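Listed here are the chains, written in short residue letters.
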Amino acid sequence: MNTGKLKSKGAWTLEKRNSVMGWVMISPILVGIALFAVLPVLFSFYISFHEWDMLHEQQWVGAANYVKIFGDKMLGVISKNTFTYCIIAIPGAIFFGLLLALAMNAKIKGVALYRTAFFMPNITTTVAVCIVWSWLYNKDYGLFNNILNMLGFDSIKWITSKKMAMPSIAIMSIWQAMGYDMILLTAGLKGIDETYYEAAQIDGANGWQSFWKITLPMLTPTLFFLVVTHCVSYIQMFDAAFIMTEGGPGHATRTFAMQIYNTAFEYFRMGEAASYAWVLFAIVFVITVIQFKLQDKWVNYDV
């Protein structure tokens with residue numbers, strides 16, 4: 001009896017020791033997350049109820065910052081710009097990524113080289129991509145307008161007109177992201193059992209019918225992942241608009257993230273900037289929840 005108790009006590013002590021050691025090993029990461037993620041988020045929520053310019057003492061204003069931004073027409077402008085960008089860039093990146101994935105899934109020579117070439121824009125820094133595309137979009141000597149002029153068309157003010165600026169940035173984002181989507185969708189295509197296609201062929205289905213009835217339904221988990229991650233990422237778009245247009249012309253390319261940056265670091269209204277950030281968080285959260293609620297209606301996890 002005593003021996004059993006000693007063994008149980010020793011086993012419990014060893015388990016506890018291993019647990020403590022595990023927490024000790026991950027404590028640097030937990031401290032980093034707390035200092036650089038959790039605390040800043042909590043502080044931003046606290047600041048959103050204050051008026052603060054980082055030079056003077058914080059002053060409690062309650063919900064005044066939220067009332068102010070919801071009463072400002074700029075909220076409608078940046079919401080429209082942000083969602084216009086997302087509506088163009090997200091379907092575009094996924095569509096062209098799917099086309100590339102279908103092409104790269106074929107048995108052709110040098111397919112690995114092609115995949116690498118198409119994926120390269122995704123690992124290229126956005127700053128470099130924006131600078132190159134700014135040259136391509138230049139209304140006087142840009143490559144795109146030179147091609148249009150050679151074909152007999154007039155030049156387009158790609159990033160200098162209010163109508164074309166945001167679509168032009170979205171086109172650049174599609175080009176940069178479609179290689180990433182191609183890789184994930186190619187992996188999804190590789191995971192589809194060939195017996196589905198063999199059975200469909202026996203039943204007399206052609207290639208187009210096989211795509212709609214087999215390929216696309218089997219790819220819906222990957223497509224769902226891409227839609228969710230792109231929504232979260234693209235709603236926060238900042239760098240491309242900041243580098244290429246600085247939010248202009250007018251406010252045609254000013255997004256939520258740019259409004260937060262300008263309010264905080266140009267006008268030093270930190271409380272108002274934090275309020276914009278929490279409104280953006282709420283929008284992202286609601287959209288993500290809706291997507292997860294709707295996934296059962298179109299995402300197929302059957303294998």
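Residues numbered from 1 in each chain as written. Predicted model: local features only at pLDDT ≥ 70, side-chain atom pairs only at ≥ 80, totals over all residues. Heavy atoms only, no water.

What to know about the overall build of the protein chain
Move 1: Scanning the protein chain for helices and strands turns up 12 helices and two strands.
Move 2: Taken from N to C terminus, the helices and strands of the protein chain fall in the order α-β-β-α-α-α-α-α-α-α-α-α-α-α.
Move 3: For the protein chain, with 303 residues in total, the buried portion stands at 36%.
Move 4: For the protein chain, long-range pairs separated by at least 24 residues make up 66% of all intrachain contacts whose partners lie at least 6 apart in sequence.
Move 5: When the accessible area of the protein chain is evaluated, it comes to approximately 18,700 Å², of which 69% is carbon and sulfur surface.
Move 6: Averaging the positions of the 21 positive and the 18 negative side-chain charges in the protein chain gives two centres separated by 6 Å. (Helix = DSSP H or I, 4+ residues; strand = E, 2+ residues; numbered from the N terminus. Buried < 20%, exposed > 50% of the residue type's maximum accessible area, 1.4 Å probe, protein only. Contact = heavy atoms within 4.5 Å. Areas by Shrake-Rupley, 256 points an atom, 1.4 Å probe, with all protein chains shown as cover. Lys, Arg positive; Asp, Glu negative; His and termini not counted. Charge placed at Lys NZ, Arg CZ, Asp CG, Glu CD.)

Looking at unusual backbone geometry
Move 1: Geometrically, the link from G248 to P249 is a cis peptide bond, its omega value of -5 degrees lying close to zero.
Move 2: In this structure, P249 sits in the loop between α10 (239–244) and α11 (256–265).
Move 3: A positive phi angle, close to 70 degrees, is found at M54, a residue other than glycine.
Move 4: In this structure, M54 sits in the loop between β1 (50–51) and β2 (59–60).
Move 5: Here E246, not a glycine, exhibits a phi torsion of approximately 55 degrees, which is positive.
Move 6: In this structure, E246 sits in the loop between α10 and α11.

What to know about the packing of aromatic side chains
Move 1: Tallied over the entire structure, the rule returns 25 aromatic pairs.
Move 2: One aromatic cluster in this structure is built from F45, F49, W60, Y66, W278, F281 and F285. (Phe/Tyr/Trp six-rings, centres within 6.5 Å; stacked < 30°, edge-to-face > 60°.)

Overview of helix α7 (residues 165–190)
Move 1: Relative to the 38 Å expected for 26 residues at 1.5 Å per residue, α7 spans 38 Å between its end C-alpha atoms, a close match to the ideal helical length.
Move 2: A bend of about 35 degrees at A177 is the largest found in α7. (Expected span 1.5 Å × (residues − 1). Bend = angle between axes of the 7 residues up to and from the residue.)

Regarding the nonpolar core
Move 1: Ranked by size, the top nonpolar core spans 61 residues in total, and within it Y85, Y234, M244 and Y276 carry the most contacts.
Move 2: For this core, the secondary-structure elements that each account for two or more residues are α2 (64–70), α3 (73–104), α5 (126–137), α7, α9 (207–234), α10, α11 and α12 (270–298).
Move 3: Tallying contributions element by element places α3 first for this core, with 13 residues.
Move 4: Filtering out sequence-adjacent residues up to four positions away, Y276 remains in contact with I69, D72, M74, L75, I78, F256, Q259, I260 and T263. (Core = buried A, V, L, I, M, F, W, Y, C linked by side-chain atoms within 4.5 Å.)

Description of the environment of K16
Move 1: Mapped onto the elements of the fold, K16 is located in helix α1 (residues 2–47).
Move 2: The sequence separation of K16 and M164 amounts to 148 residues, and the corresponding C-alpha distance is 63 Å.

Let's talk about the environment of T186
Move 1: Among the secondary structure elements, T186 is positioned in helix α7.
Move 2: For the pair T186 and A93, spaced 93 residues apart in the sequence, the C-alpha separation amounts to 14 Å.
Move 3: In this structure, T186 is in contact with A101 and R115, ignoring residues within four places of it in sequence.

Describing the pattern of salt bridges
Move 1: Enumeration over the complete set of coordinates arrives at two salt bridges.
Move 2: A salt bridge links K68 to E272; the shortest N-O distance between them is 3.1 Å. With K68 in helix α2 and E272 in helix α12, the pair connects residues that are 204 residues apart, well separated along the chain.
Move 3: Residues E272 and R269 are paired through a salt bridge, measuring 2.7 Å at the closest nitrogen-oxygen approach.
Move 4: Residue E272 is classed as buried on the basis of its relative accessible area, which comes to 4%. (Salt bridge = Lys/Arg side-chain N within 4 Å of Asp/Glu carboxyl O.)

Some remarks on the environment of I131
Move 1: Here I131 is to be found in helix α5.
Move 2: In this structure I131 comes out as partly exposed when scored by relative accessible area, which is 38%.
Move 3: Considering only alpha carbons, one finds I131 and M244, 113 residues apart in sequence, at a separation of 7.2 Å.

Structural notes on the side chain of R254
Move 1: Turning to its location among the elements, R254 is positioned in the loop between α10 and α11.
Move 2: Of the side chains with opposite charge, E266 lies nearest to the buried R254, which makes no salt bridge, at 5.6 Å.
Move 3: Setting aside anything within four residues of it in sequence, one finds R254 in contact with M74, I78, N81, G247, Q259 and N262.

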